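Understanding the architecture of this molecule
What follows is each chain in one-letter form.
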Amino acid sequence: MTVAPGIDAGRRAVAQLVREGADILFSLNGGHIAPIYDACLDLGLRILDVRHEDAAVHMAHAYGRLAGRPGVACVTAGPGVTNAVTAMATAFAAASPLLLIGGKTPLRQFDLGALQDVDQVAILRPVTKGAFTVLEGARVAEYVNAAIRLAYAPPHGPAYVEIPTDVLRERAPVEDAEGGTLPPARLAGRPAPDPALLARAMERIERAERPVIVAGGGVLWSGAQATLRALAERLQAPVLTTSLARGLLPGAHPLNLYAARSFLLSRADLILVVGTRFNYVLGYGRPPRLPKGAAVIQIDAAASELNRNRVVDVAIQADAGAALAALAAALPAGAPGRPWLAEAAARHAKATAAQEAQAAAEARPIHPLRLCRDVVRAAPPEATFIADGGDILSFARLAIHPDAPGRFLDPGPYGCLGVGLPFANAAALARAGAPAVCISGDGALGIHLMEFDTAVRHRLPILVVVSNNAGWGIERNSQVADFGADRVIGTLLRDSRFDLVARALGGHGERVTDPAQIAPAVRRALEAGLPALVDVATDIGAASPDLARGLARVPDRQPLDFYGAPISRGRGEG
Ligand SMILES: Cc1ncc(C[n+]2csc(CCOP(=O)(O)OP(=O)(O)O)c2C)c(N)n1
Ligand SMILES: [Mg+2]
């Protein structure tokens, strides 16, 4: 075969990904992206081939969060791209950087009715920070570089680049390789806080008697966990985290009073919000979730997040670590006494003891909290935990409090079921040596179950523990609460044997019906030397605390649950 001189755009794209630090391409193949695959053979970019494009993007999302490298997915034109949309929206809502590369019909066949043709850029635009079509092969490295830079510009998020097949095959001279001269897309440097704003923040801090810190992903991205901890200890301020920032303080740290969350937020006179949005998790930053009287200091690297939904007292645009370190340096010596912490600690202890009592249940079918407790106890402390599902997700959030950040992943603010297996696979790749333990509902697990095959083929050390209650439990329980026990519809499933599916796919599988057998089964599974799945028969009637609480509310109106329905029929407000 005679080949024209120079290198094609597929090879340029892969070379640029490698230069940006990518080492894995999460992908499902297709003719429209064939030159990219071929270049991976020579340039050492590992292809992690999956069974659904949505899973490829979920994996790129989790890999980008955990590995310290860009998460990159590559999918074929048309259905490959549209299959990836939900996962892109998930990453967008979670402010997670990633790059999706899409195949695209040839430029010269645009609007003719080509195979797998759809306006992909228009579909991707609302769920990305930017969506681009490369029109000239020689410029592909520039696009890859720009898209990764955009993904990592605060607030982080996914970016999309598509390369029409004729452009992908365009060859250009080797010396025309602009990629080698581009600066790295992920910029070094930490934007420092304005000293005048810091001084105003310090005035508030010095006056406060009951400060609370609310910390989110921005602290993780800044690598500022030690700084945050030092500041919290100096200030004697309890730290609340978003679920994706869990572990910023170790689970048992005296200022990690997660079970007294509502008490802390309602009584605080100063709330320092760092690296997280005022979205539904924080009640949009408004009363009643955040009290009217409390002063609020907000630190965010993204100016667009400052004062959004809530006008704060001091808004500081800066890298989280740089701002926290500057505040810590400005504090007077010695930790202040905080009399209110005794009551907060007592409430935390009481709530965790009540959970512990519930988790000790010996009932059959098994209580989901018992399942979560026993899995956490049996797994090694360095494991990455992933939780996915409805009721089981709420119970897992009660039970999983890792000692370090980056060890807990869940569906995040997009609430997307099905992330569990893809996230677990990515975590096993990103944190070599630590098993990824996914606790999932049976409904959620079904969405990307074939990614267990991906784990087997790539020998990924994952353990899936299924809370198998034969139903979409939280929705079934919501129907019972809202409409009555005789009005359950479309929310029940079969008691399917996921352990047998795992075995059929080449993994280790066990079924547990006796609570005493959860921990031994988990230990055997972790030692099986294969991707493993433990199917646990749980009680669908064990409704979760989230359902009862109805967390999301529209301020100043009737309280609403997550789904916008009024909280009624005895569903407490707790
Ligand atoms: C992709 C997607 N589809 C549907 C929903 C709505 N939903 C939220 S929780 C839930 C039930 C989950 O069932 P399961 O995973 O079995 O967990 P369980 O509640 O039974 O513990 C559903 C259908 C969603 N959040 N995401
Ligand atoms: Mg279920």
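Residues numbered from 1 in each chain as written. Chains lettered and ligands numbered in written order. Predicted model: local features only at pLDDT ≥ 70, side-chain atom pairs only at ≥ 80, totals over all residues. Heavy atoms only, no water.

1. Observations regarding the pairing of strand β3 (residues 46-49)
We apply this condition: Two strands form a pair only when DSSP identifies at least two bridges running between them. Helix and strand definitions follow DSSP, with helices as H or I runs of at least four residues and strands as E runs of at least two, each counted in order from the N terminus.
Judged from the 4 bridges that link them, strand β2 (residues 24-28) and β3 form a sheet pairing that is parallel. Bridging across to β3, isoleucine 24 finds its partner in arginine 46.

2. A short note on the packing of helix α3 (residues 53-67) against helix α17 (residues 420-430)
How we decide: Axes here refer to lines fitted to C-alpha atoms; in helices the fit is confined to the stretch in contact. Angles between the N-to-C directions go from 0 to 180 degrees. Any angle from 65 to 115 degrees is called roughly perpendicular, while one under 35 is roughly parallel, one over 145 is roughly antiparallel, and all others are oblique. Should the near helix be turned counterclockwise from the far one by less than a right angle, the crossing is left-handed, whereas a clockwise turn marks it as right-handed. Here, residues are in contact when the closest pair of their heavy atoms is within 4.5 Å.
With their axes 8 Å apart at the nearest point, α3 and α17 run at an angle of 40 degrees to one another. On the basis of their axis angle, the class for α3 and α17 is oblique. Where α3 crosses over α17, the handedness of that crossing is right-handed. Contacts between α3 and α17 involve Ala55, His58, Met59, His61, Ala62, Tyr63, Leu66 and Ala67 from the first element and Pro422, Phe423, Asn425, Ala426, Ala427, Leu429 and Ala430 from the second.

3. Side note on the site of ligand 1
Threshold: Only heavy atoms are used to decide nearness, and a residue is near a molecule or strand if one of them lies within 4 Å of it. Residues adjacent in sequence count toward polar contacts only when both atoms are side-chain atoms; beyond that, a polar contact is any pair of N or O atoms within 3.5 Å, and within protein one must be able to donate a hydrogen and the other to accept it. Here the Shrake-Rupley method, with its probe set to 1.4 Å, supplies the accessible areas, and only the displayed protein chains count as covering residues. Under the scheme applied, nonpolar residues are Ala, Val, Leu, Ile, Met, Phe, Trp, Tyr, Cys and Pro; charged residues are Asp, Glu, Lys and Arg; polar residues are all the others, including Gly.
Within the structure, ligand 1 sits among 16 residues, and Asp391, Gly415, Asp442, Gly443 and Gly473 are positioned closest to it. Here an oxygen atom of ligand 1 sits 2.7 Å away from a polar atom, N or O, in the main chain of glycine 473. Across the complex, the protein chains shield 77% of the 590 Å² of accessible surface that ligand 1 would expose by itself. Elements supplying a minimum of two residues to the shell around ligand 1: α16 (391-399), α18 (442-447) and α20 (473-483). Taken together, the residues of the shell around ligand 1 sort by class into 5 nonpolar, 8 polar and 3 charged.

4. Examining the pattern of salt bridges
In plain terms, the rule: Salt bridges are counted wherever a side-chain nitrogen of Lys or Arg sits within 4 Å of a carboxyl oxygen of Asp or Glu. Exposure is judged per residue with a 1.4 Å probe applied to protein chains only, and the accessible area is read against the type maximum: over 50% gives exposed, under 20% gives buried, and values in between give partly exposed.
Counted according to the given criterion, the structure contains 26 salt bridges. Across the pair arginine 511 and aspartate 535 runs a salt bridge whose closest N-O atoms are separated by 2.9 Å. Residue arginine 511 is found in strand β18 (residues 508-512), and its partner aspartate 535 is found in strand β19 (residues 532-537); the two are separated by 24 residues along the sequence. Residue arginine 511 is classed as partly exposed on the basis of its relative accessible area, which comes to 24%. When salt bridges with common partners are traced through the structure, they connect Glu356, Glu362, Arg370, Arg373, Asp374 and Arg377 into a single cluster.

5. Some remarks on the sheet that holds β18
By definition, the strands of a sheet pair up through backbone hydrogen bonds, in either a parallel or an antiparallel sense. In space, the 6 strands of this open sheet follow the order β15-β14-β16-β17-β19-β18, with parallel pairing throughout. The open sheet has two edge strands, β15 (408-409) and β18, and neither has a second partner. Across 6 bridges, strand β17 (residues 462-468) lies against β19 in parallel orientation. Note on β19: the bridge partner recorded for valine 466 is aspartate 535. Of the strands in this sheet, β14 (384-388), β16 (436-441), β17 and β19 touch helix α15 (residues 368-378), which is tilted by about 165 degrees from β17.

6. A look at the sheet that holds strand β11 (residues 270-274)
With parallel pairing, the 5 strands of this open sheet are ordered in space as β10-β9-β11-β12-β13. For this open sheet the edge positions go to β10 (239-241) and β13 (314-317), each flanked by a neighbour on one side alone. Adjacent strand axes in the sheet meet at a mean angle of 15 degrees when their direction is disregarded. In the sheet, strand β9 (residues 211-215) pairs with β11 via 5 bridges, with the strands oriented parallel. Bridge pairing in β11 links proline 211 to leucine 270. Its contacts with the sheet put helix α11 (residues 225-235) on β9, β10 and β11, and the angle it makes with β9 is roughly 165 degrees.

It is worth stressing that arrangement in space is one thing and function is another; only the former is reported here.
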